[in-house]
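# Commentary on secondary and tertiary structure
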Amino acid sequence: MAKILVVTSGKGGVGKTTTSAAIGTGLALRGHKTVIVDFDVGLRNLDLIMGCERRVVYDFVNVVQGEANLQQALIKDKRLENLYVLAASQTRDKEALTKEGVEKVLMALKADFEFVVCDSPAGIETGAHLAMYFADEAIVVTNPEVSSVRDSDRMLGLLASKSRRAENNEEPIKEHLLLTRYNPERVSNGEMLGVEDVKEILAVTLLGVIPESQAVLKASNQGVPVILDDQSDAGQAYSDAVDRLLGKTVEHRFLDVKKKGLFERLFGGN
């Protein structure tokens, strides 16, 4: 049974697009035919992170408005056989997306793919509402900061009340929490909320904790999903999150302050 999975948050800049790219790529790596859809009309960052920006000819809005068909707009990933991207438009307004048009596209994708990953824009405007409206499952991305967690709590309220499942009195959207840019040292210094604090506030199953890592920025700049960097802590943490999403029991890593070796203690290495 195909699933529509939305990656969302209340606040911008928490790592939604990085997460959408990593989760979508991770699902494809595990043999699931996956498409990642960019709902952030007007900004369009997903194709940059996926490294396919030069190959965008038709986009999501073109398909919604009947100016192109899905086959024309879908971009096949060069690295993975069963991974595709549907880019957003840079030149249109978010109002170009309609509920009827989005439903038509998503249902067509659902017929051909196992996972449809929707990369939502931040906030609660049209694009964000449409990205979550048809979802079966949601990954709520938050940073361990009070404002980010508070905004995520608001998104959880919207997921529970304003989705198609809620309106039709169906089984609710299955919610997962993904904590990004986590720094155990800053947590121990009281500068950041800890994992247990965030879990207590939001009361949602923890899908993963992604450590603060230079590998994320490096991967984004190179147009490579960070999950493909399996030597990095962030890549490994995203890989664990994908396994949990698919029902595996995997212990959480990177939650504790890293013990410094003798050389680092003597010479102050990072």
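One can find the structure itself at the top, above this paragraph.
All values reported here derive from a predicted model rather than from experimental measurement. (Residues numbered from 1 in each chain as written. Predicted model: local features only at pLDDT ≥ 70, side-chain atom pairs only at ≥ 80, totals over all residues. Heavy atoms only, no water.)

Bringing helix α7 (residues 146-161) into the picture now. With 16 residues, α7 extends 23 Å from end C-alpha to end C-alpha; this agrees with the ideal 22 Å at 1.5 Å per step. Turning to α7, the residues buried within the fold contact β1 (3-8), α6 (126-133), β6 (137-142), β7 (174-182) and α10 (195-202). (Helix = DSSP H or I, 4+ residues; strand = E, 2+ residues; numbered from the N terminus. Expected span 1.5 Å × (residues − 1). Contact = heavy atoms within 4.5 Å.)

What follows deals with the nonpolar core. In this structure, Phe39, Phe60, Leu86, Leu97, Leu106, Leu109 and Val116 are the most contacted members of the largest nonpolar core, which totals 48 residues. In terms of residue count, the dominant contributor to this core is α7 (five residues). Beyond its immediate chain neighbours, meaning those up to four positions away, Phe39 contacts Phe60, Leu97, Val102, Leu106, Cys118, Asp119, Ser120, Pro121, Gly127, Leu130 and Ala131. Membership of the second largest hydrophobic core comes to 36 residues, among which are Leu27, Leu178, Ile210 and Tyr238. (Core = buried A, V, L, I, M, F, W, Y, C linked by side-chain atoms within 4.5 Å. Buried < 20%, exposed > 50% of the residue type's maximum accessible area, 1.4 Å probe, protein only.)

Moving on: the pairing of strand β5 (residues 115-119). With five of five residues buried, β5 lies mostly within the body of the structure. Where β1 meets β5, five bridges bridge the pair, whose relative direction is parallel. Bridging across to β5, Lys3 finds its partner in Phe115. Relative to β5, strand β2 (residues 34-38) runs parallel, the two sharing five bridges. Directly across from Asp38, in β5, lies its bridge partner Asp119. (Pairing = 2+ DSSP bridges.)

Quick look at the sheet that holds β7 now. If you trace the eight strands from one edge of the open sheet to the other, you get β3-β4-β2-β5-β1-β6-β7-β8, paired in mixed fashion. Every other strand in the sheet has two partners, leaving β3 (75-76) and β8 (206-211) as the edge strands with one partner each. Relative to β8, β7 is paired through four bridges, and the arrangement is parallel. Residue pairing across strands places Leu178 opposite Gly208, the latter belonging to β8.

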